[in-house]
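# Survey of secondary and tertiary structure
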Amino acid sequence: MEKNFRLRFAPSPTGPLHIGGARSALFNYLLAKKNGGTFIVRMEDTDLERSSKESEENIKASLRWLGMDWDEGIDVGGDYGPYRQMERLDIYNEAVQKLIDEGKAYYCFCSEEELAKEKEEQQARGELPKYSGKCRHLSKEECERRIAAGEKPVVRFHVPEGETVVVDDLVRGEVHFETDGIGDFIIVKSDGIPVYNFAVVMDDHTMGITHVIRGEEHLSNTPRQIVLYDALGYEQPRFAHISLILGRDNEGKLTKMSKRHGSTSVVAYKEQGYLPEAIDNFLALLGWAPGGEKELFTLEELKQNFSLEHVSKSPAVFDIEKLKWINGMYIRNASGERLLEYGLPYLKKAGFVSEEPSTEEMIWAMSVIDVLKTHISSFAELPELIRHYRGEIFYRDEVLAEMKEHKEEVLTVLKAMKEKLERNPKIAVDSYKKLLKEISKETGIKGRPLYHSLRVAKTGEEQGPDLDKLSVIIGRDLMLERLKKFIKMFQRMD
RNA sequence: GGCGCGUUGGAGAAGCGGCUGAACUCACCAGCCUUUCACGCUGGCAUUCAUGGGUUCGAAUCCCAUACGCGUCACCA
């Protein structure tokens, strides 16, 4: 009998939601949805120093933006709350007291200096550094006396010696750890707040979590947690540790994804004009492989197809080129409305259309986006491209040299265009195609000689959007100005 | 250093003992489409899976060793 799937994403609100976190959240979300289960979001805010409300808000907003709505947890509630660790202290304290009473955990009064010294000595002797167990045998009376005297002890868990802990991991198989390598670890800090390894066990158990999908960096924490599950008499959830996300640094070395590899937060990608469905798609492919040749998946399709069986053990490389490609594909396939919805803010921000666009501006925005949509991989490139086409242009020597070989032809075409533009001060955007036809007919020049000369004169480039459509961006006046300048310059060349 | 994990083309990445004489994507090359380029479409692009042994009728796929890379060893999560 399979229990209902209950999965969770439990970030600590110590910064904006980053790519790695979003990917963990996604995998949990997808597995829950695939199996008709429940997706829960909870906050691990026991690090008072670094936790902040802004971070929590950022994480929630990012998750919602990516389409990962949770069924239970923070903000939405549920039967297993509260969903913030700092509001669950009573639950933890009760369990800690039980462990102390049973002799499975104990107060430790060692100072940081003592511990550091001990560690140093152990290392000098070539031993693995771990807590000596010095406070293990303090009497209850002594503990009470010292606490009453104002000392602030931590609580350590007495790790059973000489045992092997097996992590039965859904992606890595059985991974073995010796308890002798662990040492009695702290479960409650001297300020009375439990440490992650303890709180997470309590939460996952009391919330009925069935599967824990998290980053590989937690693999070495898992034996500690398992030993706690055993001591508490709780049943373990299934664990799945997904591989790290690597980024390539300036020297070309691959290391764990961090700020030095560029943007790491979800909001940063949002601001750069990536679509949430593209991010989801990209994230899903970071370590997970769908069966066939298909690479583009909507969230809905991901929900149906996701499974842990095809999650890779080897690290995933954050390949920004791939993200750009995926995003570009989503942009090309998006409806006009959606394109406008996402693209317009970038045009406004860059000042190409006003804050309250007129109908004319809206029409212009739509056609610009339509012209450029096959040339951008994110919406942030939209204003960049427009500025690029309108800005200073440079003519490459090789290109000019090639054109010089057909000097007469080139000049004929350019002059014809110049004259037509001069005669039509208010030429409509959609009549450029007709114009090109006329020029071709009148001059007898067609194909590459026709298009190439005009393209170079107008943009300085040899490739780009359709020539007639380019007028939407450059406009009649600028185009004419450039033609005149180019003709002048070109005539003087020999 | 201990423990843990990984190593497939120019890059990302499938593959889980025979139907892979190694998918797919990017990049690159060629052709088609387009009165041009791009977009799009079609085709080409690893005699080989870090190296060395072994198991097997058969291995990128299983085992061992070596090398290299990465992660983790907190009163952070």
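Computed from a predicted structure; not experimentally measured.

Turning next to the packing of aromatic side chains. In the structure shown here, the tally under the stated rule is twelve aromatic pairs. The rings of Phe 27, Trp 288, Phe 297 and Phe 306 are connected pair by pair, giving a single aromatic cluster. Just above the ring of Tyr 131 sits the side chain of Arg 156; from NZ or CZ to the centre is 3.7 Å.

This part takes up the sheet that holds strand β13 (residues 316-317). Taking strand neighbours across the sheet as the criterion, the three strands line up as β12-β11-β13 in an open arrangement whose pairing is mixed. What marks the edges here is a single partner per strand, and that holds for β12 (254-256) and β13. Direction of pairing for strand β11 (residues 245-248) relative to β13: parallel, over a ladder of two bridges. Counterpart to Leu 246 in the pairing with β13 is Val 317.

In this section: the protein's contact with RNA strand B. Taken together, 56 residues form the shell around RNA strand B, and within it Glu 44, Lys 189, Asn 221, Glu 295 and Arg 332 come nearest. The contact atoms of RNA strand B, taken as those within 4 Å of the protein, divide so that sugar and phosphate hold 69%. Between Ser 190 and RNA strand B, the recorded distance is 2.8 Å, taken from a side-chain N or O atom to a base oxygen. Contributing elements (two or more residues each) for the surface near RNA strand B: α4 (112-124), β7 (173-178), β12, β13, α11 (320-333), α17 (432-443) and α18 (448-459). The biggest single contributor to the surface near RNA strand B is α18, with four residues. Within the surface near RNA strand B, the residues separate by chemical class into 17 nonpolar, 17 polar and 22 charged.

Before going further, it helps to examine the sheet that holds strand β5 (residues 154-157). Here three strands make up an open sheet; going across it, the order is β4-β5-β8 and the pairing antiparallel. What marks the edges here is a single partner per strand, and that holds for β4 (105-108) and β8 (186-188). Going from strand to strand, the sheet's axes swing by 45° on average, the running direction of each strand aside. With four bridges connecting them, β4 and β5 associate as antiparallel partners. Bridge assignment links Tyr 106 to a residue of β5, and that residue is Arg 156.

In this section: the domain arrangement of chain A. Taken domain by domain, chain A holds domain 1 (1-74 + 243-333), domain 2 (88-242) and domain 3 (397-492). Here domain 1 and domain 3 have C-alpha centroids that lie 48 Å from each other.

With that out of the way, let us pick up the pairing of β11. Two strands pair when backbone bridges link them, and β11 and β12 are joined in this way by three bridges, in the antiparallel orientation. Each bridged residue has a counterpart across the sheet, and for Gly 247 the counterpart in β12 is Thr 255.

Attention shifts here to the pairing of strand β10 (residues 238-242). In terms of burial, β10 is largely enclosed, as four of its five residues are buried. Examined bridge by bridge, strand β9 (residues 211-215) and β10 share five bridges and lie parallel to one another. Looking across to β10, one finds that Gly 215 is bridged to Ile 242. Handedness of the β9-helix α7 (residues 222-232)-β10 crossover: right-handed.

For the rest of this paragraph, the subject is helix α14 (residues 381-390). Burial in α14 covers these residues: Leu 382, Pro 383, Leu 385, Ile 386 and Tyr 389. Angular distribution of buried residues about the axis of α14 spans 160°; they occupy a single face of the element. Residues of α14 that are buried make contact with α12 (336-349), α13 (359-372), α18, α19 (467-474) and α20 (476-492).

What follows is about the packing of α13 against α19. Two elements in contact, α13 and α19, have axes whose closest approach is 9 Å; the angle formed by their N-to-C orientations is 135°. As the angle between them shows, α13 and α19 are arranged oblique. Classified by chirality, the crossing of α19 by α13 is left-handed. Here Trp 364, Ser 367, Val 368, Val 371 and Leu 372 of α13 come into contact with α19, specifically with Lys 469, Val 472 and Ile 473. Residues belonging to the contact of α13 with α19 are distributed by class as follows: six nonpolar, one polar and one charged.

Relative to the 16 Å expected for twelve residues at 1.5 Å per residue, α17 spans 16 Å between its end C-alpha atoms, a close match to the ideal helical length. Check the buried side of α17 and you find it contacts α16 (407-423), α18, α19 and α20. One or two steps after α17, the chain reaches Gly 444, where phi turns positive at roughly 75°.

Let us now look at the pattern of salt bridges. Overall, the coordinates contain 39 salt bridges when judged by the stated rule. Residue Lys 303 pairs with Glu 300 through a salt bridge whose shortest N-O separation is 3.4 Å. Taken together, the positions of Lys 303 and Glu 300, both in helix α10 (residues 299-305) and three residues apart, correspond to about one turn of that helix. With relative accessibility at 44%, the residue Glu 300 sits in the partly exposed group. Linked by salt bridges that have partners in common, Lys 53, Glu 56, Glu 57, Lys 60, Arg 64, Asp 75, Arg 84 and Glu 87 make up one network.

Cut-off values and rules
Residues numbered from 1 in each chain as written. Chains lettered and ligands numbered in written order. Predicted model: local features only at pLDDT ≥ 70, side-chain atom pairs only at ≥ 80, totals over all residues. Heavy atoms only, no water. Phe/Tyr/Trp six-rings, centres within 6.5 Å; stacked < 30°, edge-to-face > 60°. Lys NZ or Arg CZ within 6 Å of the ring centre and 35° of its normal. Pairing = 2+ DSSP bridges. Helix = DSSP H or I, 4+ residues; strand = E, 2+ residues; numbered from the N terminus. Near = heavy atom within 4 Å. Polar contact = N/O pair within 3.5 Å; in protein donor to acceptor, adjacent residues only side chain to side chain. Nonpolar A, V, L, I, M, F, W, Y, C, P; charged D, E, K, R; others polar. Axes fitted to C-alpha atoms, helices over the stretch in contact; angles between N-to-C directions. Domains from an automatic or database assignment. Buried < 20%, exposed > 50% of the residue type's maximum accessible area, 1.4 Å probe, protein only. Right-handed = clockwise from strand over helix to strand, strands pointing away. Arc of directions from axis to C-beta. Contact = heavy atoms within 4.5 Å. Parallel < 35°, antiparallel > 145°, perpendicular 65-115°, else oblique. Left-handed = near helix turned anticlockwise from the far one by under 90°. Expected span 1.5 Å × (residues − 1). Salt bridge = Lys/Arg side-chain N within 4 Å of Asp/Glu carboxyl O.

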